[in-house]
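Here are the chains, one letter per residue:
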Amino acid sequence: MKKRSSVPTAFHQLNRLFMLLLVGALLVINLTFVVVASNLVYRYADDQAEKISDDVFKQIPNTHDWSLLDAYIARQDDDAVAVTLPSGKTVYSDDGHKIFHRMKERHYGPLAITKKGIYCLHDERHHGYRVRVAINVDDLLRLVAWLVTMMVVINLLAVIISRPFIRRIARRYTHPLRRMDTEVAQLAPGTSDQLTVPAQPQEISRLARSFNQLLIRQHEAIQREQRFVADASHELKTPLATIRGHLGLIRRHGQDHPELVAKSLNYIEEAAQRMQTLVNELLEFGRQGQVSGETNLVPLLQAEVKNVQGQYQREITVTAPSKVAYPMLPADFRRVVHNLLDNAAKYSPVGSPIIASLLSDNERVIFRVADQGRGIASQNRRRVLERFFREDPSRSNTVPGSGLGLAIVNEVVGKYHGQIAIQANNPRGTVVVITWPKMKKSSSNL
């Protein structure tokens, strides 16, 4: 049985977040209501007490019987009035003495909490008289408590009722993620399947497009790898078959015909050399390096020209300034120069001119190799950049090579964001033009 992951999903996290936001909003509303209601209760009680105090002060000059103080608080029996005369005597309303005595127990500013209730106090002095009024707010507070209780009940019902709606909203917003997760799990290795790109939200849409681009690059890489393995296997079959064939020939007829041994060994050596060349060139594709600064390309060009001249006994004309600086690994530029000059020497007649030029301006570096060889058909000028492609397979035995030279050149050119163009030379032959852009940080991502 599959164990359930303890990591919460986006749906559960979003559902929990919406619920917390709802509960938090309701709590803020309830607390605001309690504060506002309490403030209204206090203001109402203070206004009533102030009115009673004003009425008492207005009637003081005409009052001779203080037993009539109850008339001012007839609206509520639990209210109380106390008047302190200039002589120091204090006159209370009915039960006022007991009420004010209980207020001494717990007194908090204008509020007094007693065992019999909660009172709002108002104390005012005028012309030697002191009037204190205590307004009982129990009924108002009970009303507020009842309203708060009703609000809590309504809030609980709102949370219970809104839960399925919140789950539905969370499910709707996480649907693109869940669909993407399902599609990713169903992706078959090596296929060109892609994810469905939702119209919204924008972040998920961008993520799906980026993932699809990654899938495309991965699929292309797998195809290149499969094609590379197939081509490499095909190219290795020929020298291996040659070696095995001549070994069998030596085994069967070597003793009777000793002259065959030396001849077969020469063929075996040529086949082994061809395999070594092929393997070395295959390894070039896996080599990576980090560019640490600019390199003067001119000495590298001159060194490789001398190397190819010595190998093929050919005259190569070089056109270049004293210095062309570019952020490139020396080994990469040497591979480009060597492969282009090697091709020009192999596929052009002896004695025909080969010209290599290196130019530079403020925006780019241009390397150009021109020969007077047999040329490349226009329909094959892009294909010769593919691995193992040879325009004339019938000449593979007469012209040494593996079909990887121009592919290596194309790989290096792309590594530095350059472009390669193959053109026809006049009157015959081929011109290969490589252009590298000059960028301040062209090697930052190499």
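No experiment lies behind these values; they were computed from the predicted model shown.

Peer 1: Looking at this model, I keep getting lost on the side chain of Ser357. Mind explaining?
Peer 2: Its place among the elements puts Ser357 in strand 10 (residues 354-360). Those residues in contact with Ser357 that sit more than four places away from it in its chain are Thr319, Ile366, Phe367 and Arg368.

Peer 1: Got a minute to help me understand the pattern of salt bridges in this structure?
Peer 2: Two side chains with opposite charge may pair up if their charged atoms get near one another. Per the counting criterion, the structure on display carries six salt bridges. Between Asp342 and Lys346 there is a salt bridge, with its nearest N and O atoms 3.1 Å apart. With Asp342 and Lys346 both in helix 7 (residues 330-346), this residue pair falls four residues apart, about one helical turn. For the pair Asp342 and Lys346, one class covers both residues: buried.

Peer 1: What exactly am I supposed to notice about a negative patch on the surface here?
Peer 2: Among the surface-exposed residues, Asp47, Glu50, Asp54 and Asp55 lie close enough to one another that they form a single negatively charged patch. Note on placement: Asp47 falls in helix 1 (residues 10-59). The class for Asp47 is partly exposed, based on a relative accessible area of 40%.

Peer 1: Explanation requested: unusual backbone geometry in the structure shown.
Peer 2: Most peptide bonds adopt trans geometry, and most residues besides glycine take a negative phi value. Residue Pro427 follows Asn426 across a cis peptide bond; omega there is 10°. You will see that His417, though not glycine, has its phi angle at about 60°, which is positive. Relative accessible area serves as the criterion here: at 36%, His417 is assigned to the partly exposed category.

Peer 1: For this particular structure, what's the right way to read a nonpolar patch on the surface?
Peer 2: A cluster of nonpolar residues, Leu143, Trp146, Leu147, Met150 and Ile154, forms a patch on the protein surface that exposes about 480 Å² of accessible area. Within the fold, Leu143 resides in helix 3 (residues 138-186).

Peer 1: I tried to follow the nonpolar core on my own but got confused; where do I start?
Peer 2: Across soluble globular proteins, nonpolar side chains have a tendency to be buried as a group. Core analysis: the biggest nonpolar cluster contains 37 residues, and Phe333, Leu340, Leu341, Leu358, Phe367, Ile434 and Trp436 have the highest contact counts within it. Secondary-structure elements contributing two or more residues to this core are helix 6 (297-312), helix 7, strand 10, strand 11 (364-370), helix 8 (405-415), strand 12 (419-424) and strand 13 (430-437). The leading source of residues in this core is helix 7, at seven residues. With residues near it in sequence (within four places) discarded, Phe367 still touches Leu301, Val336, Val337, Leu340, Ala356, Ser357, Leu358, Val432, Val433, Ile434 and Trp436. One finds Ile52, Val56, Val133 and Val144 within the second-largest nonpolar core, a separate group that totals 18 residues.

Peer 1: Looking at this model, I keep getting lost on the packing of helix 7 against helix 8. Mind explaining?
Peer 2: Axis angle and axis distance: for two packed helices, these are the angle between their axes and the distance between the axes, and together they describe the pair. For the pair helix 7 and helix 8, interaxial distance at closest approach is 9 Å and the crossing angle is 145°. Helix 7 and helix 8 meet at a crossing whose hand is left-handed. Two secondary-structure elements touch here, helix 7 through Asp332, Arg335, Val336, Asn339, Leu340 and Asn343 and helix 8 through Gly405, Leu406, Ile408, Val409, Val412 and Lys415. Taken together, the residues that form the contact of helix 7 with helix 8 break down as six nonpolar, three polar and three charged.

Peer 1: Please clarify how the packing of aromatic side chains should be interpreted in this entry.
Peer 2: Each aromatic ring pair is specified by the distance between its two centres and by the angle formed by the two planes. Evaluation of the coordinates by the stated rule reveals three aromatic pairs. Look at Tyr326 and Trp436: their rings are 6.2 Å apart centre to centre, the planes differ by 35°, and that puts the pair in the tilted class. Of this pair, Tyr326 sits in strand 9 (residues 325-326) while Trp436 sits in strand 13, placing them 110 residues apart in sequence. The class for Tyr326 is buried, based on a relative accessible area of 1%. One aromatic cluster is present, formed by Tyr326, Phe333, Phe367 and Trp436 through successive ring pairs.

Peer 1: Explain the packing of helix 6 against helix 7 to me, please; I cannot follow it from the model alone.
Peer 2: Viewed as axis vectors pointing N to C, helix 6 and helix 7 meet at an angle of 35°, and their least axial separation amounts to 9 Å. The handedness of the crossing between helix 6 and helix 7 is right-handed. Taken together, the residues of helix 7 that come into contact with helix 6 (itself represented by Leu297, Leu300, Leu301, Glu304, Val305, Asn307, Val308, Gln311 and Tyr312) are Pro330, Phe333, Arg334, Val337, His338, Leu341, Asp342, Ala345 and Lys346. Residue composition of the contact of helix 6 with helix 7, by class: 11 nonpolar, three polar and four charged.

Peer 1: It is not clear to me how the pairing of strand 6 (residues 129-136) should be interpreted in this structure. Could you clarify?
Peer 2: On any regular strand, side chains alternate: one points to one face of the sheet, the next to the other face. Counting buried positions along strand 6 gives six out of eight residues, so the element sits mostly inside the fold. Here five bridges tie strand 1 (residues 80-84) to strand 6, and the two strands are oriented antiparallel to one another. Across the sheet, the residue bridging to Ala80 is Ala134, located in strand 6. Following strand 5 (residues 117-126), the chain reverses through two residues before pairing antiparallel with strand 6; His127 in that reversal takes a positive phi of roughly 55°.

Peer 1: I keep staring at the environment of Glu269 and nothing clicks. Help me out?
Peer 2: In this fold, Glu269 is placed in helix 5 (residues 259-284). Judged by its relative accessible area of 56%, Glu269 is exposed.

Reading guide: rules and limits
Residues numbered from 1 in each chain as written. Predicted model: local features only at pLDDT ≥ 70, side-chain atom pairs only at ≥ 80, totals over all residues. Heavy atoms only, no water. Helix = DSSP H or I, 4+ residues; strand = E, 2+ residues; numbered from the N terminus. Contact = heavy atoms within 4.5 Å. Salt bridge = Lys/Arg side-chain N within 4 Å of Asp/Glu carboxyl O. Buried < 20%, exposed > 50% of the residue type's maximum accessible area, 1.4 Å probe, protein only. Patch = residues over 30% accessible without salt bridge, like charges linked within 9 Å, V, L, I, M, F, W, Y side chains within 5 Å. Areas by Shrake-Rupley, 256 points an atom, 1.4 Å probe, with all protein chains shown as cover. Lys, Arg positive; Asp, Glu negative; His and termini not counted. Charge placed at Lys NZ, Arg CZ, Asp CG, Glu CD. Core = buried A, V, L, I, M, F, W, Y, C linked by side-chain atoms within 4.5 Å. Axes fitted to C-alpha atoms, helices over the stretch in contact; angles between N-to-C directions. Left-handed = near helix turned anticlockwise from the far one by under 90°. Nonpolar A, V, L, I, M, F, W, Y, C, P; charged D, E, K, R; others polar. Phe/Tyr/Trp six-rings, centres within 6.5 Å; stacked < 30°, edge-to-face > 60°. Pairing = 2+ DSSP bridges.

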